[in-house]
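Summary of the model geometry
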Amino acid sequence: MNSLLQYLVRGLGLMASLGLFLLALVVIVYAFVEGGFVVAEILQFSDSEYSVIYDTMTVVDLFLLGFSVLIASVGIYELFVGVLPNMPDWLRMEDLESLKGVLVKTVIVVLGISFMGRVVTWDGKENLLDYGLAIGAVVAALSFFLSVKSEAGTEAP
C-alpha cells in the first residue's frame, strides 16, 4: 500500500510538473510573439518613448512570468519525482520552502516591473497611489515572509 501511494504521489507530481512546463513554454512563446510586435512598432518610429518603455516592460514581464512557471515546474519535479541532473544550485529544490522562496522573489520582481509600466504610461487620471500602496503592501508582506523564512532556516537545531 505504501508503495502504491508513493507511485501515485510521484505520478501526480510528474503530471503537475509537465503541465506547468507546457504552460511555461506557451507563455515564453507568447512573450516572443509580443516581443516581435514591439520590435516592429519600435522600428516604425511611430510610438512615443513612454509607449516603447511600457511595451518593452510588458514583454519583460511576460518572460519573467514564463520563467517563474518553469521554475515551479522544475521545483515540483524535484520535490515529487526526482533530482534533475546538471541543474544550477539556485534551482535545486530540497523542500517546499525553497520553492516558495524562489517563487516569492520572482513575484516581487514581476510586481515591481508591473508598477513601473503603469508609472511610465501614467496619464494623470488613474489613481497610482492606491495601486502603488497595494503593490507595496504585497511586496512588504512577501519580503517579511522571506525574512522570517531565512531567519528560521539559520537557527540552530
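Right above here is the structure, for reference.
Let me begin by describing the structure that accompanies this report.

About the cut-offs
Residues numbered from 1 in each chain as written. Predicted model: local features only at pLDDT ≥ 70, side-chain atom pairs only at ≥ 80, totals over all residues. Heavy atoms only, no water. Salt bridge = Lys/Arg side-chain N within 4 Å of Asp/Glu carboxyl O. Buried < 20%, exposed > 50% of the residue type's maximum accessible area, 1.4 Å probe, protein only. Phe/Tyr/Trp six-rings, centres within 6.5 Å; stacked < 30°, edge-to-face > 60°. Helix = DSSP H or I, 4+ residues; strand = E, 2+ residues; numbered from the N terminus. Lys NZ or Arg CZ within 6 Å of the ring centre and 35° of its normal.

Right, let's talk about the pattern of salt bridges for a bit. If the charged atoms of two oppositely charged side chains come close together, the side chains can form a pair. In this structure the tally under the stated criterion is 3 salt bridges. Two residues, Arg 118 and Glu 126, come together in a salt bridge whose shortest N-O distance is 2.7 Å. The exposure class of Arg 118 is partly exposed, given its relative accessible area of 30%.

Attention now moves to the packing of aromatic side chains. Counting across every chain of the model gives 2 aromatic pairs. Summarising the aromatic geometry, the rings of Phe 32 and Phe 63 are spaced 5.0 Å apart at their centres and angled 85 degrees between planes, so their arrangement reads as edge-to-face. Here Phe 32, found in helix α1 (residues 2-43), pairs with Phe 63, found in helix α2 (residues 49-80); they are 31 residues apart in sequence, far enough to count as distant. Judged by relative accessible area, Phe 63 falls into the partly exposed class, the value being 22%. Arg 118 extends its terminal NZ or CZ atom over the ring of Tyr 131, reaching a point 4.2 Å from the ring centre.

Functional significance is not addressed by these values, which are geometric in nature.
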